[in-house]
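Results of the structural survey
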Amino acid sequence: MKDKITGSKALMRALQAEGVKVIFGYPGGSIMPVYDALYDYTRGMKKCFEHILVRHEQGATHAAEGYARVSGEVGVALVTSGPGVTNTLTGIADAMLDSTPIVVIAGQVPISALGTDAFQEVDLVGVAQPISKWSYQIRRAEDVAWAVSRAFYIARTGRPGPVVLDFAKNAQVEEIEWEPCKVDFIRSYVPYPKLDEVAVREAADLINNAKKPLALVGQGVELGNAQEELKAFLEKTDIPAGRTMLGLSALPSDHPLNVGMLGMHGNYAVNLKEQECDVLIAIGMRFSDRVTGNLNTYAKQAKVIHLDIDRSEIDKNVKTDVAVVADCKESLPALTALVNKNSHEEWRESFKELDAQERVKVIEPAIHPKEGPLRMGEVVNAVAELANDDAVLVTDVGQNQLFATRYFKYRHNRSICTSGGLGTMGYGMPAAIGATFAAPHRQVCCFMGDGGFQMCIEELGTIMEQKAPVKMILMNNHYLGNVRQWQDMFWMRRKSFTKMMNPCYELIAQGYGIDYQAVTDRSQLSAAVEKMLSTEGPFIMECAIMEEDNVLPMTPPGMDVDKMMLEI
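Below, the structure is looked at part by part. Just so you know, the residues in each chain are numbered from 1, in the order the chain's sequence is written. Since the coordinates come from a predicted model, pLDDT governs what is reported: local features require at least 70, and pairs of side-chain atoms require 80 or more to be given and counted, while whole-chain, interface and lining totals use all residues. No hydrogens and no water enter the side-chain calculation; it runs on all heavy atoms of the structure.

Going along the chain from the N terminus, every DSSP run of H or I of four or more residues is numbered as a helix, and every run of E of two or more is numbered as a strand. Looking only at helices and strands, the chain has 23 helices and 20 strands in total. Computation of the radius of gyration draws on C-alpha atoms, with the globule rule given as 2.2 Å multiplied by the number of residues to the power 0.38. Against the globule reference of 24 Å for 568 residues, the chain gives a C-alpha radius of gyration of 24 Å, in line with a compact fold. Taken over the C-alpha atoms alone, the chain extends approximately 75 × 60 × 45 Å along its principal axes. The proportion of buried residues among the 568 residues of the chain is 60%. In these tables, accessible area is a Shrake-Rupley quantity obtained with a 1.4 Å probe, and a residue counts as shielded only by the protein chains included in the view. Just so you have it, the chain exposes about 22600 Å², and 51% of that area is on carbon and sulfur atoms. For the purpose of counting charges, residues Lys and Arg are taken to be positive, whereas Asp and Glu are taken to be negative. His and the chain ends are not included. A charged residue contributes its charge at one atom only: NZ of Lys, CZ of Arg, CG of Asp or CD of Glu. Averaging the positions of the 57 positive and the 72 negative side-chain charges in the chain gives two centres separated by 2 Å. Accessibility here uses a 1.4 Å probe with only protein chains present; expressed as a share of the type maximum, an area under 20% marks a residue as buried, one over 50% as exposed, and anything in between as partly exposed.

So, in structure tokens, the structure goes:
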């Protein structure tokens, strides 16, 4: 005789079958049967999950994202219906744009009440469909095992992304005979396209004949766990490589072929050289507008090779000469086998003069200022110099993000969590919580501005309860800094509602029982960083930053990628 269990208990078994270890959630009426079932699975002999009670449902999704980005596994968020699940939509959209595998499971009113405007009823499937890989309503308990397995299969395979399960309350309490289910094939879904060997040969021919090749490395390398395959390809061909913001840790910062970060606030040389190279090899990146600038003038001199698992990205923004549609874990070794061992020393050396200009005009003044208030760049540099080799960078969004990604040091895979495509303020703190559960042995350094810090400030409660060892670097300039910079540069210095009155963060830290240190002068910085990194558990280091610090270089929006400004 088979076990007879409720749909809620079936969910527990299905999640267990998928290898779930951590769930980030917030209970409520329509998901209460699931939380009752979860009680037995988080304690005692039956314990197999760790449930992290967040303080806001948006925090649950961002924490699940941080967990997924650092662990390489699927993050899980569990919430109730109505406002509970609508609070997750920002995180779902964020995960969709950044190809982050999460599964959001939400309660729903019983099927009999659907369409009646019942209390906390929302058409979740309809709302989530445009911003997720798949959204599905579980109406019967017997469908739980199938729906969960399919959800995880879709979330983690191919180009990863978010999946949403809308779990009707009647299905949570119905009893069924438990039958496990494993979905590993969907007829209409081809997550791993077959490698086109002709395209690989065409790409190899272009690379073998190139005089000035340039690789653009994106997050697809990290998602495909192809970091070693990337290095083998680059080292055989001697091709310099720029990295997108989300792809920064796909190649170590100190690798000799790393030529910096791409994009609007990336490094000077690599952005200019995109307009000079003769072959451009895009690997697991989507040619975002923040990378390309003006598409009408972008890399028109180059033959473009695009390696990507998602066929819809090919020719979407930049016209491709050769497309290799496959997982880069497969396509990179195939390409490496056909390319010649080469040397492009003269081409690589040509980057150095431009690098030197950036170092003199931008980098040195940012990380080693001689006088004046603290600069964001020097704070990031101080943390990067003292942090462990395997430290994880988490950022919020804004100037803190741009300075942090530019000046942090990346030595290991999966070392960056930041909101790229959606640019979600409030992402940093909950994502950092998720990162600490994904890699409890690694330091997690979370840089935030005063604006983003306050957007998810309630998650200090989660950090307090879990004693999550997040090292929070609050760079306080009393401005919404990135918007202020744009107002100064492009809106005649009309600072419209970007100046902020802030609370006393020291008192807030005391209220949550979190260690705190203020840094108001650069003479205090090194000691404060050492104290923060050596303290067990969470820590807030608040730095009083120059109010009108600017992120440079910068390509003004809509301008040619090589029209970067080194100074204002």
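We are not done yet, so read on.
The next thing to look at is the state of the cysteines. When two cysteine sulfur atoms are found within 2.5 Å, that pair is recorded as a disulfide. Tallied over the entire structure, the rule returns zero disulfides. Between C456, a cysteine without a disulfide, and C446, which holds the nearest cysteine sulfur, the sulfur-to-sulfur distance is 11 Å.

Right, let's get into helix α9 (residues 197-208). Every α-helix winds through 3.6 residues per turn, so residues three or four apart in the chain are directed the same way. Taking 1.5 Å per residue, 12 residues should reach 16 Å; α9 reaches 16 Å between its end C-alpha atoms and fits that length. Burial in α9 covers these residues: A199, V200, A203, A204 and I207. Buried residues of α9 fall within an arc of 140° about the axis and therefore sit on the same side. Any two residues whose heavy atoms approach within 4.5 Å are treated as being in contact. Here the buried face of α9 lies against α11 (227-237), β12 (279-283), β13 (303-308), β14 (322-325) and α14 (328-338). Among the residues of α9, the N-terminal cap falls to D196, whose side-chain oxygen and the backbone nitrogen of V198 are separated by 3.0 Å. Take the residue count of a helix, subtract one, and multiply by 1.5 Å to get its expected span. Here the arc refers to the directions that run from the helix axis out to each C-beta atom. Whenever two N or O atoms come within 3.5 Å, that pair is a polar contact, provided that in protein one can donate a hydrogen and the other can accept it, and provided that, for residues adjacent in sequence, both atoms are side-chain atoms.

Here we take up the packing of aromatic side chains. Where two aromatic rings form a pair, the distance of their centres and the angle of their planes describe that pair. Here is the rule: rings of Phe, Tyr and Trp (six-membered ring for Trp) pair when centre to centre is within 6.5 Å. Planes less than 30 degrees apart are stacked, more than 60 are edge-to-face, and the remainder are tilted. Evaluation of the coordinates by the stated rule reveals 14 aromatic pairs. Judged by centre distance (5.1 Å) and plane angle (20°), the rings of W134 and Y136 are stacked. Look at W134 and you get buried, because its relative accessible area is 14%. Measuring from ring centre to ring centre gives 6.1 Å for W134 and W146, while their planes differ by 90°; the resulting arrangement is edge-to-face. Taken as a pair, W134 in strand β6 (residues 134-138) and W146 in helix α7 (residues 144-156) lie far apart in primary sequence, 12 residues in all. Using a relative accessible area of 31% as the deciding quantity, one classes W146 as partly exposed.

Buried residues of helix α21 (residues 481-490): G481, R484, Q485, Q487, D488 and M489, and no others. Positive backbone phi, approximately 55°, marks M492, located one or two places after α21.

A few words now on the side chain of S132. Along the chain, the position of S132 falls in the loop between α6 (124-128) and β6. Classification of S132 by relative accessible area gives buried; the value is 6%. A polar contact of 2.8 Å, which involves the side chain of S132, links it to the backbone oxygen of A128. Filtering out sequence-adjacent residues up to four positions away, S132 remains in contact with I92, M96, P162 and V164.

Take the side chain of D396 next. Take D396: it is sitting in the loop between β15 (392-395) and α17 (399-407). The side chain of D396 sits in the buried core without any salt bridge; R69 is the nearest counter-charge, 12 Å away. Ignoring any residue separated from it by four or fewer positions in sequence, one finds D396 in contact with Q401, T418, T424, M425, G426, Y427, G428, M429, F447, M448 and G452. One speaks of a salt bridge when a side-chain nitrogen belonging to Lys or Arg is within 4 Å of a carboxyl oxygen belonging to Asp or Glu.

Turning our eyes to something else, we now look at the pairing of β13. With five of six residues buried, β13 is to be regarded as a mostly interior element. By this definition, two strands are paired if DSSP reports at least two bridges between them. For β12 and β13, the ladder comprises five bridges, and the chain directions are parallel. Looking across to β13, one finds that V279 is bridged to K303. Here β13 runs beside β14; their pairing, made up of four bridges, is parallel. Of the residues in β14, the one forming a bridge with H306 is A323.

Okay, the nonpolar core next. Nonpolar side chains in soluble globular proteins generally cluster together in the buried interior. To form a nonpolar core, buried Ala, Val, Leu, Ile, Met, Phe, Trp, Tyr and Cys residues must be joined to one another through side-chain atoms within 4.5 Å. Judged by nonpolar contacts, the single largest core of 68 residues is most densely connected at L280, F408, F447 and M541. Each residue touching L280, except ones within four places of it in the same chain, is listed here: L214, L216, F287, Y298, A299, A302, K303, V304 and I305. Ranked by size, the runner-up nonpolar core spans 48 residues in total, among them F24, V54, A106 and A509.

So, about the pairing of strand β7 (residues 163-168). Summarising burial for β7: six of the six residues are buried, a large majority. Side chains V163, L165 and F167 project from β7 onto one buried face, and the interleaved V164, D166 and A168 project onto a second face that is buried too. Sheet analysis places strand β5 (residues 102-108) next to β7, joined by six bridges and oriented parallel. Among the inter-strand pairings, V103 is bridged to a residue of β7, identified as V163. With α7 bridging β6 and its parallel neighbour β7, the resulting β-α-β unit is right-handed. Call a crossover right-handed when, viewed with both strands pointing away from you, the route from the first strand across the helix to the second goes clockwise.

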